[in-house]
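Coordinate inspection notes
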2 protein chains.
Amino acid sequence: MPLRERNDTIAAVATPVGEGGIAVIRVSGGNAVALCDSLFAGKKPLLDVPSHTVHHGRFLTGGGETIDEVLVSVFRAPHSYTGEESVEISCHGGMFITNKILYAVLSKGARTADPGEFTLRAFLNGKMDLTQAEAVAALIHAKTEKSHAASLAQLSGGVTRRVEHFRTNLIDLCSLLELELDFSQEGVELTKRDDVIEKLDNTITDIKKFTTSYLYGRVLRDGVKVVLTGKPNAGKSSLLNILLQQNRAIVSEIPGTTRDVIEENLSINGLLVRLVDTAGIRQSEDIIEEESIRRTHEELESASVIAVMIDSSEMMTKNDSELYHSLLRVSRKNKSIVIFLLNKSDLTNREFSFDLPLTENESQMFISCLTGDGIPEFKQRLFKISLPNYDSGSSSILLQNERHKVALEKAVEKLDLARQTLANGLSSDFVAVDLRAALDYLGEIIGITTPDDILQNIFSKFCIGK
Amino acid sequence: MPLRERNDTIAAVATPVGEGGIAVIRVSGGNAVALCDSLFAGKKPLLDVPSHTVHHGRFLTGGGETIDEVLVSVFRAPHSYTGEESVEISCHGGMFITNKILYAVLSKGARTADPGEFTLRAFLNGKMDLTQAEAVAALIHAKTEKSHAASLAQLSGGVTRRVEHFRTNLIDLCSLLELELDFSQEGVELTKRDDVIEKLDNTITDIKKFTTSYLYGRVLRDGVKVVLTGKPNAGKSSLLNILLQQNRAIVSEIPGTTRDVIEENLSINGLLVRLVDTAGIRQSEDIIEEESIRRTHEELESASVIAVMIDSSEMMTKNDSELYHSLLRVSRKNKSIVIFLLNKSDLTNREFSFDLPLTENESQMFISCLTGDGIPEFKQRLFKISLPNYDSGSSSILLQNERHKVALEKAVEKLDLARQTLANGLSSDFVAVDLRAALDYLGEIIGITTPDDILQNIFSKFCIGK
């Protein structure tokens, strides 16, 4: 059945799998309230209670046996998450009870919800647009302050408003073209044509700028990996400690984190910095060859930034110099950014000679893990390296979703074509075709022109019960 | 502060840890509604809404930034789970958001709830007695139909009613002793003394009988392990299939289940049967020696019941006979119960000769995995072996909790002493001391005389957020 015609009753466990104090089973669809009512023994029939009220009672099997004491919340259409009749059953946590309640609901004719189907229905019923629906999944998976903020902005319609703004501009241009201009005929005022080109250029620039924010969106979502290395006793642990004390990130575990390397998560102005402390490097060319430091090498290869701790109170020996040169060969090959942290600045008079020739991706700075000197500057540099030209005062509407980015890029391609056609003075009919194609791509982002298969693909990536 | 004087506001995430559609943060205590109100931006102030209503809005940090769109349910004292002012915040699942909302609540002066502290408060506020509170934890951990039913019966006060009944009888006895009898003086009517002794005996018998139900309670809670073995091609897989088709148990994963042995869970009249299919045994004495079947041997050792499949359409060879003898040596050493399943009864005229001398723990029965003959009898035998003398029609109030069992046993000890004193005709003062001690033990079960440290111990085993 086409997605937009479905209104059967669906059910799913909405809370994470496992044992906890509470689990919630969600039911939505035309028959949701009546169905749950037939399985609920409380003071009042659920069909008679007002929307948005909570009721204590016993939840029963189809055979009338008590499963659990529950709290049931009733949401009447259209004032629910999905816009449909909805019920949320809050029972004692534990998989046995939770499954048993779900089975009871299914036994009365509900069907197991597909992943994301509640949110799909919310979208289809006009409770939210497509970018807002996608924001729900992004919110759930948010692991950092900034990605949380970006998802929330998207949920409140931020991305849609930007896209709608682009669409409005393009629709205005279309009207202009249709009503006033026909470049294929003679005698057309050049100023008007230039006007249109200028308006189109502005829109292209705006869309491109918005597309660029996807780069930030990704860094803000996934964080940036900084590998800390250096000779033993250069002060790596002290740096880790001082950073953690000030900035330990609230973050849930990131899948794929290896356990045999110490990885700590810092939050620097909301940016997730995944700081990996390596075993340290040796004073030889061994860095690549030795199996025992294979892991360090692997970490260095996948680092966005390599921070090299150096004890600046010691003279740099020829061996040291060779060591850092070998490190730079690795980092340059991988195009990593390198910061040499000249530690123990409190002990030196800063006449320490650091004479490695550095490229534009490489820099040095004095710090003291003892006094804290230079630490704020180091953090600021990490932030600037990860998010160059990021203006925290500007709009918090960042693209996080690759689908959106791709659609914007396709729209820009079509607009570039339209601009070329305009500049060449061809018929406005040709221009209009490309403008309409661009409008369609923009419409796909917010769900106006999105085909069912793309919708299904989007929502299949959601959690069950959302 | 003594437990009974605490009324500060506590908060915890009540849903399991992980990513899901919904997470719920629970807040309870004098200031719960006001506190959440200060972090909630909705249509109405939460302090103004009726109890048991649900409200959509934005939940904020202490600094006023939006964390998420949430549904907030308000429960006003005393009409809440804890009996206190309570709020449940239902937010988008995902640990980042969930933790952030919890931190916001804590930043406004709430404290993280100890494990089980919501239920502890429900107990202290008279919303439930101690066995009901313990039933909450048991319900969450229930893995089988019967243990679920027993927990539910306990939640609805079943255990308490039994214990209260014992207590009432004993209190009556105490009154009798104090008002009418003094056995240390002469001239006491012997019939009255015999009356008291008879009444005491009855109570002791009742308590002992109830204590015995703990054995059933444990089997019903944890299930019974049946190891299926036999020669290759005797029909083990067919038996497994036929049982699974009819009786696959709804059960959540049981910790400790090994993954390299096939274990399937069946439900036979609500009894969890954990059926382990072993690799099969060989026709030699190898059973104990060979490393490759070490695992089978381990399983046999930990089995409650060993089911040995035999192809009854084949002649039993001398080798077979030796094999089964060696198996019996293992089972007798471990005091397991053994059932020889003579399969393919459809193919034989039942003149198959099975001539192993069997003890009372060992039996044989004909089955056919093809026609299903004998399968119901096999299941019935498994049930009877696991729960001898179990009367499904009798009270479903089963002891599941070891603390209850121990307290009942201690009470019986004291009652036995009292009975001896009575029979010896000693002063009723002595009798009364023991009766009161027994009453205290019974009171501990339902929470009347339970000291704070025992309470804390009980609730510390709960989930966080319950």
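This report concerns the structure included in the present document. (Residues numbered from 1 in each chain as written. Chains lettered and ligands numbered in written order. Predicted model: local features only at pLDDT ≥ 70, side-chain atom pairs only at ≥ 80, totals over all residues. Heavy atoms only, no water.)

Let's shift gears to the overall build of chain A. Summing up its helical and strand segments, chain A has 14 helices and 13 strands in all. Within chain A, contacts between residues at least 6 apart in sequence are counted, and of these 68% link residues at least 24 apart. (Helix = DSSP H or I, 4+ residues; strand = E, 2+ residues; numbered from the N terminus. Contact = heavy atoms within 4.5 Å.)

In this section: the environment of L3(A). Residues and elements named next belong to chain A. Relative to the elements of secondary structure, L3 occurs in the segment before β1 (10-13). Residue class for L3 comes out buried when judged on its relative accessible area of 4%. For the pair L3 and I204, spaced 201 residues apart in sequence, the C-alpha separation works out to 34 Å. Residues within four places of L3 in sequence aside, it is in contact with L120, L124, D452, L455 and Q456. (Buried < 20%, exposed > 50% of the residue type's maximum accessible area, 1.4 Å probe, protein only.)

Of the transformation placing chain A onto chain B, the axial shift is 0.1 Å and the rotation is 179 degrees, giving an RMSD of 0.2 Å. Both chain copies can therefore be described as sitting about a two-fold axis. When C-alpha distances to the rotation axis are compared across chain A, the minimum falls at T53(A), with a value of 2.2 Å. (Least-squares fit on C-alpha atoms with pLDDT ≥ 70 in both.)

Counting from both sides, the interface comprises 48 residues of chain A and, opposite them, 48 residues of chain B. Overall, the association of chain A and chain B removes approximately 4,100 Å² of surface from exposure, summing both partners, and the carbon and sulfur fraction of that is 65%. On the chain A side of the contact with chain B, P16(A), I22(A) and F96(A) bury the most area, a combined 18% of that side's loss. Between the two partners, chain A and chain B, sit 0 salt bridges. The tally of links from chain A across to chain B stands at 10 residue pairs in polar contact (both at pLDDT 80 or more). (Buried area = accessible area lost by both parts, 1.4 Å probe. Salt bridge = Lys/Arg side-chain N within 4 Å of Asp/Glu carboxyl O. Polar contact = N/O pair within 3.5 Å; in protein donor to acceptor, adjacent residues only side chain to side chain.)

On to the nonpolar core. By size, the foremost hydrophobic cluster in this structure holds 46 residues, and its most contacted members are F459(A), V27(B), F59(B), V72(B), I89(B), I101(B) and V105(B). The element that contributes the greatest number of residues to this core is helix α4 (residues 130-141) of chain A, accounting for 7 residues. In terms of nonpolar packing, the next biggest core, distinct from the first, is built from 45 residues, I25(A), V27(A), F123(B) and L139(B) among them. (Core = buried A, V, L, I, M, F, W, Y, C linked by side-chain atoms within 4.5 Å.)

Before going further, it helps to spend a moment on the side chain of S147(A). Residue and element names in this part refer to chain A. Within the element layout of this structure, S147 appears in helix α5 (residues 145-155). You can call S147 buried: its relative accessible area is 1%. Those residues in contact with S147 that sit more than four places away from it in its chain are A142, L220, R221 and Q400.

Moving on to the packing of aromatic side chains. Here the structure, examined in full by the defined rule, presents 8 aromatic pairs over all chains. Between F459(B) and F462(B) the ring centres are 5.0 Å apart and the planes differ by 35 degrees, which places this aromatic pair in the tilted class. The class of F459(B) is buried, set by a relative accessible area of 2%. Judged by its relative accessible area of 8%, F462(B) falls in the buried class. One aromatic cluster is present, formed by F123(A), F459(A) and F462(A) through successive ring pairs. The ring of Y81(A) carries the charged tip of R26(A) above its face, separated from the ring centre by 4.7 Å. (Phe/Tyr/Trp six-rings, centres within 6.5 Å; stacked < 30°, edge-to-face > 60°. Lys NZ or Arg CZ within 6 Å of the ring centre and 35° of its normal.)

Before going further, it helps to spend a moment on the pairing of strand β5 (residues 66-75) of chain A. All names here are of chain A. Most of β5 sits inside the fold, with 8 of its 10 residues counted as buried. As paired elements, strand β4 (residues 53-60) and β5 share 8 bridges and run antiparallel to each other. Within the sheet, the bridge partner assigned to T53 lies in β5 and is V74. Bridging between β5 and strand β6 (residues 86-92) involves 5 bridges; their strand directions are antiparallel. Bridge pairing links V74 to V87 in β6. (Pairing = 2+ DSSP bridges.)

As a further point, take the pattern of salt bridges. Taken as a whole and judged by the stated rule, the model has 34 salt bridges over all chains. The network of salt bridges with shared partners includes D8(A), E84(A), R111(A), E117(A) and R121(A).

The next thing to look at is the sheet that holds strand β11 (residues 305-311) of chain B. Residue and element names in this part refer to chain B. Read from one edge to the other, the open sheet built from 6 strands follows the order β9-β10-β8-β11-β12-β13, with strand pairing classed as mixed. Each edge of the sheet is formed by a strand with only one pairing partner; in this case those strands are β9 (262-268) and β13 (362-366). Sheet twist, expressed as the average angle between the axes of neighbouring strands with direction ignored, equals 25 degrees. In the sheet, β9 pairs with strand β10 (residues 271-277) via 7 bridges, with the strands oriented antiparallel. When the bridges of β10 are listed, L266 appears paired with V273. Contacting β8 (224-230), β11, β12 (337-343) and β13, helix α11 (residues 318-333) crosses the sheet at an angle of about 170 degrees to β11. Contacting β8, β9, β10, β11, β12 and β13, helix α12 (residues 375-386) crosses the sheet at an angle of about 180 degrees to β12. (Axes fitted to C-alpha atoms, helices over the stretch in contact; angles between N-to-C directions.)

Residues and elements named next belong to chain A. Where helix α12 (residues 402-423) contacts helix α13 (residues 428-446), the axes come no closer than 8 Å and their chain directions differ by 170 degrees. Viewed along their axes, α12 and α13 adopt a mutual orientation that is roughly antiparallel. Here R403, H404, A407, L408, K410, A411, K414, L415, L417, A418, T421 and L422 of α12 lie close against α13, whose contacting residues are F430, V431, D434, L435, A437, A438, Y441, L442, E444 and I445. By residue class, the composition of the contact of α12 with α13 is 15 nonpolar, 2 polar and 5 charged. (Parallel < 35°, antiparallel > 145°, perpendicular 65-115°, else oblique. Nonpolar A, V, L, I, M, F, W, Y, C, P; charged D, E, K, R; others polar.)

Honestly, it's all geometry; don't read function into it.
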